[in-house]
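# Observations on chain architecture
Given next are the chains, with one letter for each unit.
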Amino acid sequence: MAKEGLTLTDFYATQSICSASRASILTGCYSNRVDIHYALMPDSKKGLSTQETTIAEMLKEKGYKTGIFGKWHLGHVPELMPNEHGFDEFFGIPYSNDMWPKNTWSGFNFDPLPLYENKKIIDTLDDQSDLTTWITEKSVDFINRHKNNPFFLYVPHPQPHVPLQVSDKFKGKSKNGLYGDVIMEIDWSVGQILDALKENNLDQNTLVIFTSDNGPWLSYGNHAGSAEPLREGKTTTWEGGHRVPFIVRFPDKIPAGLKVKTPIMAIDVLPTIAEITNANLPKLKIDGKSVWNILSGKSVESPHKAYFFYYGYNELQAVRYGKWKLYFPHTYKTMKDHNTGRNGMPGKYNKAEVKEIELYDLSKDISESENIAHLYPEIVDEIEVLAKDMKSQLGDSLTDIEGKENRKASNFEK
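The notes below deal with the structure included here. The structure displayed is predicted, hence computed values, not measured ones.

## What about the overall build of the chain?
- Scanning the chain from terminus to terminus reveals eight helices and 17 strands.
- Expected size for 414 residues packed as a compact globule is a radius of gyration near 22 Å; at 21 Å, the chain falls within 12% of this value.
- Dimensions of the chain, computed from the C-alpha atoms along their principal axes, are close to 60 × 50 × 50 Å.
- Contacts in the chain between residues at least 24 apart in sequence constitute 65% of all its contacts with a sequence separation of at least 6.
- Counting every atom, the chain has about 18,800 Å² of accessible surface; 49% of that belongs to carbon and sulfur.
- Within the chain, one finds 48 positive and 55 negative side-chain charges whose respective centroids are separated by 2 Å.

Right, here's the structure in full:
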(Lines give C-alpha, C1' and ligand atoms only; values in the text may rest on other atoms or scores of the structure.)
Protein backbone atom coordinates (compact mmCIF):
# COMPACT_ATOMS: atom_id res chain seq x y z
CA MET A 1 0.00 0.00 0.00
CA ALA A 2 2.80 2.42 0.89
CA LYS A 3 4.55 1.88 -2.46
CA GLU A 4 1.29 2.42 -4.34
CA GLY A 5 -0.05 5.18 -2.11
CA LEU A 6 0.89 7.83 0.44
CA THR A 7 2.26 7.50 3.98
CA LEU A 8 1.73 10.10 6.68
CA THR A 9 4.65 10.01 9.10
CA ASP A 10 2.98 12.34 11.63
CA PHE A 11 -0.59 11.06 11.82
CA TYR A 12 -2.31 11.17 15.21
CA ALA A 13 -5.15 9.37 16.90
CA THR A 14 -7.07 11.98 18.91
CA GLN A 15 -6.81 9.99 22.13
CA SER A 16 -4.60 7.11 23.17
CA ILE A 17 -7.47 4.85 24.15
CA CYS A 18 -10.02 3.04 22.03
CA SER A 19 -13.59 4.34 22.50
CA ALA A 20 -12.51 7.97 22.51
CA SER A 21 -10.26 7.51 19.50
CA ARG A 22 -12.89 5.66 17.44
CA ALA A 23 -15.49 8.34 18.15
CA SER A 24 -13.18 10.88 16.53
CA ILE A 25 -12.50 8.78 13.45
CA LEU A 26 -16.21 8.40 12.74
CA THR A 27 -17.43 11.90 13.64
CA GLY A 28 -14.60 14.31 12.83
CA CYS A 29 -14.75 15.62 16.41
CA TYR A 30 -12.47 15.62 19.39
CA SER A 31 -13.99 12.86 21.48
CA ASN A 32 -14.71 15.12 24.45
CA ARG A 33 -16.87 17.26 22.15
CA VAL A 34 -19.14 14.22 21.67
CA ASP A 35 -18.84 13.17 25.34
CA ILE A 36 -16.82 9.99 24.85
CA HIS A 37 -13.97 9.49 27.31
CA TYR A 38 -11.74 6.51 28.10
CA ALA A 39 -12.84 3.02 26.95
CA LEU A 40 -16.49 2.16 27.51
CA MET A 41 -17.08 -0.83 29.79
CA PRO A 42 -19.72 -3.55 29.26
CA ASP A 43 -21.81 -2.18 32.15
CA SER A 44 -21.86 1.33 30.65
CA LYS A 45 -25.18 2.71 29.41
CA LYS A 46 -23.58 5.54 27.43
CA GLY A 47 -22.12 5.71 23.97
CA LEU A 48 -22.01 7.85 20.86
CA SER A 49 -25.20 9.87 20.70
CA THR A 50 -27.42 9.30 17.67
CA GLN A 51 -27.56 13.06 17.16
CA GLU A 52 -23.96 12.87 15.94
CA THR A 53 -23.34 12.24 12.25
CA THR A 54 -20.95 9.42 11.44
CA ILE A 55 -19.11 8.86 8.16
CA ALA A 56 -21.63 6.11 7.46
CA GLU A 57 -24.62 8.43 7.91
CA MET A 58 -22.97 11.14 5.85
CA LEU A 59 -22.38 8.74 2.96
CA LYS A 60 -25.80 7.07 3.16
CA GLU A 61 -27.24 10.42 2.10
CA LYS A 62 -25.17 10.03 -1.07
CA GLY A 63 -26.55 6.57 -1.77
CA TYR A 64 -23.67 4.56 -0.32
CA LYS A 65 -24.11 1.08 1.14
CA THR A 66 -22.41 0.95 4.53
CA GLY A 67 -20.90 -1.88 6.55
CA ILE A 68 -18.82 -2.37 9.70
CA PHE A 69 -17.10 -5.67 10.42
CA GLY A 70 -15.07 -5.88 13.62
CA LYS A 71 -15.07 -3.97 16.91
CA TRP A 72 -17.62 -1.20 17.58
CA HIS A 73 -16.99 0.01 21.17
CA LEU A 74 -19.12 3.16 20.98
CA GLY A 75 -22.12 2.03 23.01
CA HIS A 76 -23.63 -1.45 23.15
CA VAL A 77 -27.18 -0.77 24.33
CA PRO A 78 -29.49 -1.51 21.37
CA GLU A 79 -30.26 2.14 20.71
CA LEU A 80 -26.57 3.03 20.23
CA MET A 81 -25.29 0.11 18.15
CA PRO A 82 -23.92 0.49 14.58
CA ASN A 83 -27.25 -0.01 12.80
CA GLU A 84 -28.49 3.12 14.60
CA HIS A 85 -25.47 5.10 13.40
CA GLY A 86 -25.86 4.69 9.65
CA PHE A 87 -24.45 1.21 9.10
CA ASP A 88 -26.59 -1.10 6.97
CA GLU A 89 -24.61 -4.14 8.09
CA PHE A 90 -22.70 -5.06 11.26
CA PHE A 91 -20.78 -8.18 12.17
CA GLY A 92 -18.49 -8.25 15.17
CA ILE A 93 -18.16 -7.48 18.86
CA PRO A 94 -19.72 -4.54 20.72
CA TYR A 95 -16.69 -3.63 22.85
CA SER A 96 -13.10 -4.65 23.48
CA ASN A 97 -12.09 -8.30 23.07
CA ASP A 98 -10.45 -8.43 26.53
CA MET A 99 -13.82 -7.74 28.16
CA TRP A 100 -14.65 -11.43 28.55
CA PRO A 101 -14.64 -14.02 31.36
CA LYS A 102 -11.11 -15.27 30.61
CA ASN A 103 -9.69 -11.89 31.63
CA THR A 104 -9.39 -12.95 35.28
CA TRP A 105 -6.53 -10.59 36.21
CA SER A 106 -8.41 -7.37 35.41
CA GLY A 107 -10.45 -7.31 38.60
CA PHE A 108 -13.72 -7.36 36.63
CA ASN A 109 -16.20 -10.20 36.36
CA PHE A 110 -17.06 -9.96 32.68
CA ASP A 111 -20.02 -11.70 31.07
CA PRO A 112 -19.50 -13.85 27.94
CA LEU A 113 -18.33 -11.85 24.91
CA PRO A 114 -21.21 -11.58 22.40
CA LEU A 115 -20.81 -11.85 18.64
CA TYR A 116 -23.35 -9.78 16.72
CA GLU A 117 -24.81 -9.91 13.25
CA ASN A 118 -26.65 -6.63 12.89
CA LYS A 119 -28.88 -6.32 15.98
CA LYS A 120 -28.85 -10.00 16.93
CA ILE A 121 -26.40 -11.90 19.13
CA ILE A 122 -25.53 -14.99 17.09
CA ASP A 123 -22.94 -16.50 19.44
CA THR A 124 -20.76 -15.92 22.47
CA LEU A 125 -17.03 -16.22 21.97
CA ASP A 126 -15.09 -18.69 24.05
CA ASP A 127 -12.38 -18.69 21.36
CA GLN A 128 -11.44 -15.67 19.23
CA SER A 129 -8.88 -17.38 17.01
CA ASP A 130 -11.03 -17.25 13.84
CA LEU A 131 -12.39 -13.74 14.34
CA THR A 132 -9.90 -12.02 12.03
CA THR A 133 -10.73 -14.55 9.30
CA TRP A 134 -14.47 -14.15 9.75
CA ILE A 135 -14.21 -10.36 9.60
CA THR A 136 -12.13 -10.61 6.43
CA GLU A 137 -14.57 -12.99 4.76
CA LYS A 138 -17.50 -10.73 5.65
CA SER A 139 -15.64 -7.72 4.24
CA VAL A 140 -14.85 -9.45 0.95
CA ASP A 141 -18.45 -10.65 0.66
CA PHE A 142 -19.67 -7.08 1.26
CA ILE A 143 -17.50 -5.81 -1.59
CA ASN A 144 -18.66 -8.58 -3.90
CA ARG A 145 -22.34 -7.91 -3.18
CA HIS A 146 -22.10 -4.14 -3.54
CA LYS A 147 -19.69 -3.87 -6.45
CA ASN A 148 -22.34 -2.07 -8.52
CA ASN A 149 -23.06 0.52 -5.82
CA PRO A 150 -20.91 3.06 -4.02
CA PHE A 151 -20.05 1.69 -0.59
CA PHE A 152 -18.29 2.54 2.67
CA LEU A 153 -16.60 -0.37 4.42
CA TYR A 154 -15.21 0.09 7.96
CA VAL A 155 -13.03 -2.79 9.20
CA PRO A 156 -11.90 -2.19 12.82
CA HIS A 157 -10.06 -5.45 13.59
CA PRO A 158 -10.05 -6.38 17.31
CA GLN A 159 -6.49 -7.69 16.87
CA PRO A 160 -3.72 -6.97 17.83
CA HIS A 161 -5.42 -5.91 21.07
CA VAL A 162 -4.88 -8.49 23.81
CA PRO A 163 -5.81 -11.30 24.17
CA LEU A 164 -3.82 -12.15 21.05
CA GLN A 165 -5.57 -14.83 19.01
CA VAL A 166 -4.68 -16.17 15.58
CA SER A 167 -6.16 -18.75 13.21
CA ASP A 168 -4.49 -22.10 12.61
CA LYS A 169 -3.35 -21.01 9.15
CA PHE A 170 -1.01 -18.39 10.67
CA LYS A 171 -0.17 -19.96 14.03
CA GLY A 172 3.59 -20.27 14.35
CA LYS A 173 4.19 -18.95 10.82
CA SER A 174 6.01 -15.74 11.69
CA LYS A 175 9.46 -15.39 13.25
CA ASN A 176 8.19 -13.05 15.96
CA GLY A 177 6.04 -15.26 18.17
CA LEU A 178 2.29 -14.92 18.61
CA TYR A 179 2.36 -11.16 18.07
CA GLY A 180 4.09 -11.65 14.73
CA ASP A 181 1.56 -14.31 13.75
CA VAL A 182 -1.31 -11.92 14.51
CA ILE A 183 0.24 -9.10 12.45
CA MET A 184 0.83 -11.54 9.59
CA GLU A 185 -2.87 -12.45 9.59
CA ILE A 186 -3.93 -8.80 9.60
CA ASP A 187 -1.58 -8.23 6.66
CA TRP A 188 -3.27 -11.15 4.88
CA SER A 189 -6.66 -9.59 5.66
CA VAL A 190 -5.68 -6.26 4.08
CA GLY A 191 -4.44 -8.15 1.04
CA GLN A 192 -7.72 -10.05 0.70
CA ILE A 193 -9.67 -6.78 0.74
CA LEU A 194 -7.38 -5.14 -1.83
CA ASP A 195 -7.62 -8.25 -4.02
CA ALA A 196 -11.42 -8.13 -3.83
CA LEU A 197 -11.36 -4.54 -5.09
CA LYS A 198 -9.11 -5.51 -8.00
CA GLU A 199 -11.17 -8.58 -8.92
CA ASN A 200 -14.32 -6.44 -9.05
CA ASN A 201 -12.62 -3.71 -11.12
CA LEU A 202 -13.03 -1.24 -8.27
CA ASP A 203 -9.36 -0.81 -7.56
CA GLN A 204 -8.86 2.48 -9.42
CA ASN A 205 -11.89 4.18 -7.94
CA THR A 206 -11.67 3.23 -4.26
CA LEU A 207 -9.99 5.15 -1.45
CA VAL A 208 -8.42 2.74 1.07
CA ILE A 209 -7.06 3.91 4.43
CA PHE A 210 -5.00 1.81 6.85
CA THR A 211 -4.47 3.24 10.35
CA SER A 212 -4.80 2.54 14.09
CA ASP A 213 -6.68 3.92 17.07
CA ASN A 214 -3.77 4.28 19.53
CA GLY A 215 -0.21 3.23 20.28
CA PRO A 216 0.91 -0.07 21.84
CA TRP A 217 -0.28 -1.23 25.28
CA LEU A 218 3.25 -1.52 26.62
CA SER A 219 2.34 -3.25 29.88
CA TYR A 220 1.75 -6.43 27.85
CA GLY A 221 5.37 -6.66 26.74
CA ASN A 222 5.85 -9.22 23.98
CA HIS A 223 2.10 -9.10 23.23
CA ALA A 224 2.10 -5.33 22.73
CA GLY A 225 4.37 -4.40 19.86
CA SER A 226 6.54 -1.30 20.07
CA ALA A 227 6.41 2.39 19.18
CA GLU A 228 10.16 2.93 19.32
CA PRO A 229 11.79 5.39 18.83
CA LEU A 230 8.65 7.19 20.02
CA ARG A 231 8.24 7.78 23.75
CA GLU A 232 5.79 5.72 25.83
CA GLY A 233 2.58 4.16 24.44
CA LYS A 234 -1.15 3.74 24.96
CA THR A 235 -2.89 5.82 27.69
CA THR A 236 -0.28 8.60 27.42
CA THR A 237 -0.17 11.75 25.31
CA TRP A 238 3.48 11.22 24.44
CA GLU A 239 4.17 10.47 20.79
CA GLY A 240 4.09 6.72 21.37
CA GLY A 241 0.50 6.93 22.55
CA HIS A 242 -0.92 9.02 19.71
CA ARG A 243 1.29 8.85 16.62
CA VAL A 244 0.08 5.86 14.62
CA PRO A 245 0.50 4.41 11.12
CA PHE A 246 -1.48 5.94 8.28
CA ILE A 247 -1.32 4.73 4.69
CA VAL A 248 -3.81 5.85 2.06
CA ARG A 249 -4.17 4.36 -1.41
CA PHE A 250 -6.21 5.89 -4.24
CA PRO A 251 -4.63 5.11 -7.65
CA ASP A 252 -4.24 8.03 -10.05
CA LYS A 253 -5.59 10.45 -7.44
CA ILE A 254 -2.90 10.10 -4.74
CA PRO A 255 0.82 10.15 -5.61
CA ALA A 256 2.47 6.74 -5.33
CA GLY A 257 5.30 6.19 -2.86
CA LEU A 258 5.04 9.65 -1.28
CA LYS A 259 5.82 10.30 2.41
CA VAL A 260 4.35 13.42 4.00
CA LYS A 261 5.50 14.88 7.33
CA THR A 262 2.66 17.39 7.76
CA PRO A 263 0.82 16.63 11.03
CA ILE A 264 -2.71 15.32 10.46
CA MET A 265 -5.21 13.92 12.96
CA ALA A 266 -8.08 11.43 12.85
CA ILE A 267 -10.60 14.29 13.12
CA ASP A 268 -9.66 15.16 9.53
CA VAL A 269 -10.80 11.84 8.03
CA LEU A 270 -14.54 12.63 7.87
CA PRO A 271 -14.25 16.09 6.27
CA THR A 272 -11.69 14.77 3.78
CA ILE A 273 -14.05 11.99 2.72
CA ALA A 274 -16.82 14.59 2.51
CA GLU A 275 -14.78 16.64 0.04
CA ILE A 276 -13.88 13.62 -2.09
CA THR A 277 -17.50 12.42 -2.30
CA ASN A 278 -19.10 15.89 -2.37
CA ALA A 279 -21.10 14.94 0.73
CA ASN A 280 -22.66 17.37 3.18
CA LEU A 281 -20.78 17.95 6.42
CA PRO A 282 -22.57 17.25 9.72
CA LYS A 283 -24.95 19.96 10.94
CA LEU A 284 -23.34 20.06 14.38
CA LYS A 285 -19.88 21.61 14.73
CA ILE A 286 -16.93 19.34 14.02
CA ASP A 287 -13.23 19.91 14.68
CA GLY A 288 -11.67 18.28 11.62
CA LYS A 289 -10.86 19.91 8.29
CA SER A 290 -10.33 18.41 4.87
CA VAL A 291 -6.72 17.50 4.13
CA TRP A 292 -7.39 16.38 0.57
CA ASN A 293 -4.91 18.93 -0.79
CA ILE A 294 -2.21 17.27 1.31
CA LEU A 295 -3.17 13.71 0.42
CA SER A 296 -3.40 14.53 -3.29
CA GLY A 297 0.07 16.06 -3.24
CA LYS A 298 -1.06 19.61 -3.99
CA SER A 299 0.06 21.14 -0.69
CA VAL A 300 1.96 20.44 2.53
CA GLU A 301 0.30 23.22 4.50
CA SER A 302 -1.90 22.10 7.39
CA PRO A 303 -5.39 23.63 7.64
CA HIS A 304 -4.98 23.64 11.44
CA LYS A 305 -2.92 25.96 13.61
CA ALA A 306 -2.50 23.17 16.14
CA TYR A 307 -3.78 19.80 17.33
CA PHE A 308 -4.85 19.20 20.92
CA PHE A 309 -4.24 16.07 22.97
CA TYR A 310 -6.72 15.23 25.70
CA TYR A 311 -6.79 12.26 28.04
CA GLY A 312 -9.08 11.06 30.79
CA TYR A 313 -12.06 13.19 31.58
CA ASN A 314 -11.33 16.20 29.45
CA GLU A 315 -7.78 16.98 30.58
CA LEU A 316 -5.81 18.90 27.96
CA GLN A 317 -2.28 17.53 28.33
CA ALA A 318 -0.43 18.45 25.14
CA VAL A 319 -0.51 20.51 21.93
CA ARG A 320 1.18 19.88 18.55
CA TYR A 321 2.07 23.20 16.90
CA GLY A 322 4.04 22.84 13.68
CA LYS A 323 7.24 21.02 14.59
CA TRP A 324 6.68 21.70 18.30
CA LYS A 325 4.97 19.57 20.94
CA LEU A 326 4.18 21.17 24.30
CA TYR A 327 3.10 19.34 27.45
CA PHE A 328 1.25 20.82 30.39
CA PRO A 329 1.84 19.47 33.91
CA HIS A 330 0.01 16.16 34.41
CA THR A 331 0.45 12.65 35.75
CA TYR A 332 0.59 9.52 33.59
CA LYS A 333 1.37 5.81 33.74
CA THR A 334 4.74 4.57 32.50
CA MET A 335 6.49 1.24 32.01
CA LYS A 336 9.89 2.90 32.25
CA ASP A 337 12.17 1.20 34.78
CA HIS A 338 9.61 -1.54 35.33
CA ASN A 339 9.20 -5.10 34.12
CA THR A 340 6.61 -5.44 31.37
CA GLY A 341 4.20 -8.32 31.10
CA ARG A 342 4.84 -11.55 29.23
CA ASN A 343 2.72 -13.91 27.15
CA GLY A 344 -0.61 -12.19 27.77
CA MET A 345 -0.16 -11.21 31.40
CA PRO A 346 0.30 -7.47 32.04
CA GLY A 347 3.08 -5.82 33.99
CA LYS A 348 2.47 -3.05 36.49
CA TYR A 349 2.81 0.60 35.62
CA ASN A 350 4.74 3.20 37.55
CA LYS A 351 3.29 6.65 38.16
CA ALA A 352 5.10 9.49 36.40
CA GLU A 353 4.60 13.23 36.38
CA VAL A 354 5.22 16.19 34.12
CA LYS A 355 5.90 18.83 36.78
CA GLU A 356 6.32 21.88 34.56
CA ILE A 357 5.68 22.88 30.98
CA GLU A 358 7.84 20.87 28.60
CA LEU A 359 8.56 21.67 24.94
CA TYR A 360 10.10 19.43 22.28
CA ASP A 361 11.23 20.03 18.70
CA LEU A 362 9.93 16.90 16.96
CA SER A 363 11.88 17.66 13.78
CA LYS A 364 15.10 16.99 15.72
CA ASP A 365 13.93 15.00 18.74
CA ILE A 366 11.31 12.42 17.78
CA SER A 367 11.91 10.58 21.07
CA GLU A 368 11.07 13.67 23.14
CA SER A 369 14.23 13.41 25.18
CA GLU A 370 15.28 17.06 25.62
CA ASN A 371 12.93 19.63 27.14
CA ILE A 372 13.79 22.98 25.55
CA ALA A 373 10.93 25.10 26.91
CA HIS A 374 13.40 27.49 28.57
CA LEU A 375 15.03 28.21 25.19
CA TYR A 376 11.81 29.16 23.37
CA PRO A 377 9.55 31.13 25.75
CA GLU A 378 7.85 32.85 22.80
CA ILE A 379 6.76 29.48 21.36
CA VAL A 380 5.45 28.43 24.76
CA ASP A 381 3.43 31.66 24.94
CA GLU A 382 1.95 31.14 21.45
CA ILE A 383 0.88 27.61 22.27
CA GLU A 384 -0.63 28.63 25.60
CA VAL A 385 -2.83 31.17 23.79
CA LEU A 386 -4.09 28.43 21.44
CA ALA A 387 -4.69 26.10 24.38
CA LYS A 388 -6.68 28.76 26.21
CA ASP A 389 -8.89 29.23 23.17
CA MET A 390 -9.49 25.47 22.87
CA LYS A 391 -10.37 25.25 26.55
CA SER A 392 -12.93 28.00 26.00
CA GLN A 393 -14.58 25.71 23.43
CA LEU A 394 -14.23 22.27 25.00
CA GLY A 395 -13.31 23.05 28.59
CA ASP A 396 -10.82 20.98 30.51
CA SER A 397 -10.91 18.84 33.64
CA LEU A 398 -10.99 21.95 35.84
CA THR A 399 -13.32 24.19 33.84
CA ASP A 400 -15.59 21.84 31.94
CA ILE A 401 -18.29 23.42 29.81
CA GLU A 402 -21.72 21.83 30.10
CA GLY A 403 -23.93 21.48 27.04
CA LYS A 404 -21.30 22.40 24.47
CA GLU A 405 -23.09 23.57 21.29
CA ASN A 406 -26.34 22.32 22.86
CA ARG A 407 -25.22 18.74 22.34
CA LYS A 408 -27.22 16.31 24.39
CA ALA A 409 -25.51 13.89 26.75
CA SER A 410 -24.69 10.60 25.07
CA ASN A 411 -26.26 8.61 27.92
CA PHE A 412 -29.28 6.92 26.39
CA GLU A 413 -32.53 8.06 27.97
CA LYS A 414 -35.87 6.51 27.10
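## Points about the sheet that holds strand β13 (residues 315–321)
- Across the sheet, which stays open at both edges, the four strands sit in the order β12-β13-β14-β17 with antiparallel pairing between neighbours. Looking at which strands have only one partner, the edges of the open sheet turn out to be β12 (307–311) and β17 (358–361). Across the sheet, the axes of successive neighbouring strands diverge by a mean angle of 20°, strand direction being ignored.
- The sheet contacts of helix α8 (residues 377–394) involve β12, β13, β14 (324–327) and β17, and relative to β13 the element is tilted by about 130°.

## Let's talk about the sheet that holds strand β6 (residues 120–125)
- An order of β6-β5-β4-β3-β7 is seen for the five strands of this open sheet, with the pairing classed as mixed. Unpaired on one side and paired on the other, β6 and β7 (151–154) mark the two borders of the sheet. Adjacent strand axes in the sheet meet at a mean angle of 15° when their direction is disregarded.
- Relative to β7, strand β3 (residues 65–71) runs parallel, the two sharing four bridges. When the sheet's bridge partners are listed, Gly67 is paired in β7 with Leu153.
- Strand contacts of helix α3 (residues 131–145): β3, β4 (89–93), β5 (113–117), β6 and β7, with the helix running at about 175° to β3, the strand carrying the most contacts.

## A word on empty space enclosed by the protein
- Here the structure, examined in full by the defined rule, presents four cavities of 30 Å³ or more.
- Within this model, the largest cavity holds a volume of roughly 60 Å³.
- Forming the walls of the largest cavity are Leu8, Phe11, Ile209, Phe246, Ile264, Met265, Asp268, Val269, Thr272, Ile273, Val291 and Leu295.
- Taken together, the elements giving at least two residues each to the lining of the largest cavity come down to β11 (264–265) and α6 (269–277).
- No other element matches α6, which puts three residues into the lining of the largest cavity.
- Taken together, the residues of the lining of the largest cavity break down into 10 nonpolar, one polar and one charged.

## A word on helix α1 (residues 18–27)
- With 10 of 10 residues buried, α1 is to be regarded as a mostly interior element.
- When α1 is considered as a whole, its buried residues turn out to be Cys18, Ser19, Ala20, Ser21, Arg22, Ala23, Ser24, Ile25, Leu26 and Thr27.
- The inward-facing, buried residues of α1 contact α2 (55–60), β3, β7 and α6.
- Looking at the residues trailing α1, positive phi occurs at Gly28, about 75°.

Conventions we followed
- Residues numbered from 1 in each chain as written.
- Predicted model: local features only at pLDDT ≥ 70, side-chain atom pairs only at ≥ 80, totals over all residues.
- Heavy atoms only, no water.
- Helix = DSSP H or I, 4+ residues; strand = E, 2+ residues; numbered from the N terminus.
- Rg over C-alpha atoms; globule rule 2.2 N^0.38 Å.
- Contact = heavy atoms within 4.5 Å.
- Areas by Shrake-Rupley, 256 points an atom, 1.4 Å probe, with all protein chains shown as cover.
- Lys, Arg positive; Asp, Glu negative; His and termini not counted.
- Charge placed at Lys NZ, Arg CZ, Asp CG, Glu CD.
- Pairing = 2+ DSSP bridges.
- Axes fitted to C-alpha atoms, helices over the stretch in contact; angles between N-to-C directions.
- 1 Å grid on protein atoms, 1.4 Å probe; cavity = no way out; pocket = protein on both sides within 12 Å on 5 of 7 lines; lining within 4 Å.
- Points joined across faces, edges and corners; volume = space filled by probe spheres on them.
- Nonpolar A, V, L, I, M, F, W, Y, C, P; charged D, E, K, R; others polar.
- Buried < 20%, exposed > 50% of the residue type's maximum accessible area, 1.4 Å probe, protein only.

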